[in-house]
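# Inside the fold
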Amino acid sequence: MSLQLSIAVTQLISRRRPTLVSLGGIALGVAFFLAVSSLMRGSERDFIKRLIDNSPHITVSDEYRKARKQPAIEEWPDGAVEVRRVKPLTEVRGIRGHAQKLAFIETLPGLRAAPVLLGSVVLTFAGRNEGVTLNGIVPAKMKGVSTIEEKLTQGSLEALATNPNGLVIGEGLANKFGLSMGSVVNAASPGGEVRTLKVVGIFRTGNASYDENQTFALLKRAQGLLDRANRVNRFTIQLDDPYAARAVAAVIERQIGYKAVSWQESTEDLMSVLLVRNLIMYSVVSAILVVASFGIYNTISTIVMEKIHDIAILKSMGFHARDIRRIFLAEGVILGALGSLFGVSLGMGLMWLLAQVEIKPPGASDIVHLPIYWGWEQYLLAVGFALASAVGAAYLPARKAGQVQPVAILRGLA
Amino acid sequence: MTPILVAERLGRVLAGEVPVTLVRDIDLEVGRGEFLAIMGPSGSGKSSLLYLLGLLDTPTSGRILLDGQDTSGYGEDQLAATRLRKLGFVFQFHFLLAEFTVLDNVLLPMRRLGKLDEGAARKRAEDLLEQLGLREHARKHPHQLSGGQRQRVAIVRALANDPLIILADEPTGNLDTHASANVQQILHDLTRQLGTTVIAVTHDVTFANAADRRIGIVDGQIDPEWRA
Ligand SMILES: Nc1ncnc2c1ncn2[C@@H]1O[C@H](COP(=O)(O)OP(=O)(O)OP(=O)(O)O)[C@@H](O)[C@H]1O
Ligand SMILES: [Mg+2]
């Protein structure tokens, strides 16, 4: 043990009570930091998990991120040429060459993709009309990318495969129309096509607007109804690692040209709210540690005042100002480190206790535990901040101690 | 032989609204192995002179040559390093660190200098304590010792790094006649046996009479006429 450190330890031990009080302050600060952080981060991850589970990780649509440039501009990028009143060529909407593109996407590791044709239709039943969104799907593929299968309260997705005129609707729509399994509805497309469809499945996601507006039919049937033979206007992709979505989306977009939107991109506004929430939370819990560091400042200042004769004698003996500073900075580090150690243990205890708390969210049927996040980086953050404030608090008294003039103290005594 | 310590026209004025002159025009040479006693009335500037000679305070005029080297250009760190290597202090009040044992107190300057490894330092500290009859007190804390014993520990600590000069400010001022004679004997023996130079401020005439030379300070100046 270095000399300065051993002096620091001896002095702290000789001032037991203030030492314990400032240790307690730091320990409580760290523990509270961890408890709040684990709760906030836990609920955030819980929220994101729900978000990820219930929406596609990546959606590829038949749009381009940037409007296509005029051919003239592509030809002469520096030229002062503009052809006015040029409209983009009217294309039949849909992803061109979707089979190859889907095949390419499926070569990427760790993901599942499903083709979808999305369109609007008007359902008619017993004299009532309702515009809904029709998802033309391939049931076998859809199961890999969506939780809709689990949300079915009656019927199944496979029923679509065996019954080409089948339709899966949400509970909200079923209630509104008075539909039940086996009911027959008319579906009309904007192009004027009309088909008769039979309800073969009813789902309930809990999201009212989704349950009223989304319907599922076989891809082939949807293509016929919407008059978009052999077309697909969307790929829905699910990843094993949802957090890779942004990177994978970029790869896909670069390769196939169509716009690929990750869940992170489509929820950027929410994510920034979460970020602000975290910033507020961390400033508050860090403020607790700053307050706790006043205890350290107080303890070390007291020791400097009480030990001013010792400081004078050490300096007269030939200790440098920086030796003295190090002694008191070391005291700050010791208090910060020990306090953090106790704080982390106490904090983990608190987190364990919080994890035992059971709550029943309004509207939910089952009891859930408070979501607690156990990630290591919050310990690092808490300990790092505690140490930084401890050293910061020790700095001023340490500097003062280093500046003590031994003669001034000796004169006072002689 | 060159003197170990030379003071040339040494002066120290405390700045302030009314400047205070602590010491003025001191010319002094101290030989190697000499035992010098500084005497004088209370408040005459003896301690102030000792702090200057011990490089604890910096003169406002004049200079000090220690072991042939001019110290006037030294910065704080260099002064501290010189004190650590070449000087040892003994004050009227013992000034041991209360939380450390006698042995650890003696080891402090050695550990700071780091010239000896821990084992050798311990050996030296124990030998020195033995020589001053403190062997059985090595593990005790300062409050468990008598005033005379503490003062002897302070002398051992001052000797720890084998200094050229020991500077003592009324080392017997707080002791009874017996303890005082003991300390006086030890300082005397130091100069004879180890060749260490001793500069001691004292009011004690017996003590001063044991010294090789006595100087008197009056009003911050050396007064050749001064008699105790
Ligand atoms: N900080 C200060 N401000 C003003 N005057 C001071 C200060 N320190 C010392 N003095 C004065 O300087 C003079 C010399 O003091 P010093 O302590 O050197 O005397 P001394 O000879 O050691 O006295 P004593 O024998 O009582 O120890 C004294 O008159 C004292 O009052
Ligand atoms: Mg004095």
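In this numbering scheme, every chain counts its residues from 1 along its sequence in written order. Starting at A for chains and at 1 for ligands, labels are handed out in the order in which the entities are written. Per-residue local features of the predicted model are confined to residues with pLDDT of at least 70, and side-chain atom pairs are confined, for both listing and counting, to 80 or more; whole-chain, interface and lining totals are unaffected and use all residues. Values reported for side chains reflect all heavy atoms of the structure, with hydrogen atoms and water molecules removed beforehand.

A run of H or I in DSSP counts as a helix once it spans at least four residues, and a run of E counts as a strand once it spans at least two, with each numbered from the N terminus. Along its length, chain B carries seven helices and 10 strands. For chain B, the spread of C-alpha atoms along the principal axes amounts to about 50 × 40 × 40 Å. Exposure categories follow from relative accessible area, calculated using a 1.4 Å probe and restricted to protein chains: below 20% of the type maximum is buried, above 50% is exposed, and the middle band is partly exposed. Out of the 228 residues belonging to chain B, those deemed buried represent 54%. Contacts: residue pairs with any heavy atoms within 4.5 Å of one another. Summarising the internal contacts of chain B: among those between residues at least 6 apart in sequence, 71% fall at separations of at least 24. Using the Shrake-Rupley algorithm and a 1.4 Å probe, accessible areas are obtained, with residue cover drawn only from the displayed protein chains. Summed over all atoms, the accessible surface of chain B reaches about 10,100 Å², with 47% contributed by carbon and sulfur. The distance from the centre of the 25 positive side-chain charges to the centre of the 29 negative ones in chain B is 4 Å. We score Asp and Glu as negative and Lys and Arg as positive, and we do not count His or the chain ends. For this purpose, a charge sits on NZ of Lys, CZ of Arg, CG of Asp or CD of Glu.

Residue and element names in this part refer to chain B. Note on pairing: DSSP must find at least two bridges between two strands before they are called paired. The mixed open sheet is built from six strands, whose spatial order is E6-E7-E8-E3-E9-E10. Every other strand in the sheet has two partners, leaving strand E6 (87-90) and strand E10 (221-222) as the edge strands with one partner each. In this sheet, E10 lies alongside strand E9 (residues 213-218) in antiparallel orientation, the contact comprising two bridges. If you follow Val218 over to E10, its bridge partner there is Gln221. Across the sheet, helix H5 (residues 147-159) is in contact with E6 and strand E7 (165-169); its angle to E6 comes to roughly 170°. Fitting a line to C-alpha atoms yields each axis, with helices limited to the stretch in contact; the angle taken between N-to-C directions then spans 0 to 180 degrees.

Looking now at the side chain of A:Thr10. Structurally, A:Thr10 is set in helix H1 (residues 3-14). Discounting chain neighbours no more than four positions away, the residues touching A:Thr10 are B:Glu99 and B:Phe100.

Each side of the interface is counted separately: chain A has 25 residues, and chain B has 26 residues. Buried area is a sum: the accessible area each of two parts loses on coming together, probed at 1.4 Å, counted once for each and added. Both sides of the chain A and chain B interface together cover about 2,400 Å² of buried area, and 64% of this is carbon and sulfur. Note on definitions: salt bridges are taken to be side-chain nitrogens of Lys or Arg within 4 Å of carboxyl oxygens of Asp or Glu. For the pair chain A and chain B, the interface holds four salt bridges. For B:Arg112, the salt bridge goes to A:Asp323, with nearest N and O atoms at 2.6 Å. What qualifies as a polar contact is a pair of N or O atoms within 3.5 Å, subject to a donor-acceptor requirement within protein and to the restriction that residues adjacent in sequence count only when both atoms come from side chains. Our count for the contact surface shared by chain A and chain B stands at eight residue pairs in polar contact (both at pLDDT 80 or more). Broken down by secondary-structure element, the contributors of at least two residues to the side of chain A that touches chain B are H1, helix H14 (308-317), helix H15 (321-356) and helix H17 (406-413) of chain A.

Another aspect to go through is the domain arrangement of chain A. Where each domain begins and ends is defined by an automated method or by a domain database. Each assigned domain of chain A is listed here: domain 1 (3-52 + 270-413) and domain 2 (64-76 + 91-258). Inter-centroid distance (C-alpha atoms) of domain 1 of chain A to domain 2 of chain A is 54 Å.

This brings us to the confidence of the model for chain A. When pLDDT is averaged along chain A, the result is 88; 95% of the residues meet or exceed 70. Confidence, expressed as mean pLDDT per element, reaches its minimum in chain A at helix H3 (residues 71-75) of chain A with 71 and its maximum at H15(A) with 94. Within a predicted model, pLDDT stands for the predictor's per-residue confidence, ranging from 0 to 100.

A word on the sheet that holds strand E4 (residues 61-66) of chain B. Residue and element names in this part refer to chain B. Read across the sheet, four strands follow the order E2-E1-E4-E5 without closing on themselves; strand pairing throughout is antiparallel. The two strands at the open ends of the sheet, each matched to only one other strand, are strand E2 (20-30) and strand E5 (69-70). In terms of strand pairing, strand E1 (residues 5-14) meets E2 through seven bridges, oriented antiparallel. Looking at E2, one finds that Arg12 is bridged to Val23.

Another aspect to go through is the site of ligand 1. Residue and element names in this part refer to chain B. Distances are taken per atom, and a residue is near a molecule or strand as soon as one of its heavy atoms is within 4 Å of it. Close to ligand 1 lie 14 residues, the nearest being Ser42, Gly43, Lys46, Ser47 and Ser48. Note that an oxygen atom of ligand 1 is positioned 2.7 Å from one of the side-chain N or O atoms of Ser47. Relative to its free-state accessible area of 640 Å², ligand 1 is covered by the protein chains to the extent of 63%. Among the elements of the structure, E2 and helix H1 (46-53) are those that each provide at least two residues to the shell around ligand 1.

Before going further, it helps to spend a moment on the packing of aromatic side chains. Residue and element names in this part refer to chain A. Two aromatic rings from Phe, Tyr or Trp, using only the six-membered ring of Trp, form a pair when their centres are within 6.5 Å; if the ring planes differ by under 30 degrees the pair is stacked, by over 60 it is edge-to-face, and anything between is tilted. Summed over the entire model, instances satisfying the criterion amount to nine aromatic pairs over all chains. Here the aromatic rings of Tyr243 and Trp263 are separated by 5.8 Å at their centres, their planes lie at 80°, and the arrangement is edge-to-face. Pair noted here: Tyr243 is in the loop between strand E9 (234-239) and helix H11 (245-256) and Trp263 is in helix H12 (residues 263-266), with a separation of 20 residues, a long-range link. Relative accessible area serves as the criterion here: at 43%, Tyr243 is assigned to the partly exposed category.

Moving on, we come to the pattern of salt bridges. For the structure shown, the criterion picks out 29 salt bridges over all chains. With a closest N to O distance of 3.0 Å, A:Arg15 and A:Glu306 form a salt bridge. Taken together, the positions of A:Arg15 in the loop between H1 and helix H2 (16-54) and A:Glu306 in helix H13 (residues 268-306) put the pair 291 residues apart, joining distant regions of the chain. A residue is classified by how much of its surface remains accessible, and A:Glu306, at 40% relative accessible area, is partly exposed. In this structure, B:Arg63 and B:Asp70 form a salt bridge, with 2.9 Å as the shortest nitrogen-oxygen distance. Since its relative accessible area comes to 30%, B:Arg63 is described here as partly exposed. The network of salt bridges with common partners includes B:Asp104, B:Arg111, B:Glu118 and B:Arg122.

Another point: the confidence of the model for chain B. Averaged over every residue, the pLDDT of chain B is 92; the share at 70 or more is 99%. Our summary of model confidence lists the complex with pTM equal to 0.76 and ipTM equal to 0.92.

Residue and element names in this part refer to chain B. The two faces of E6 match: Leu87 and Phe89 on one face and Gly88 and Val90 on the other face are all buried. As defined by bridge partners, E6 adjoins E7 across four bridges and the pair is classed as parallel. Bridged to Phe89 within E7 is Leu167.

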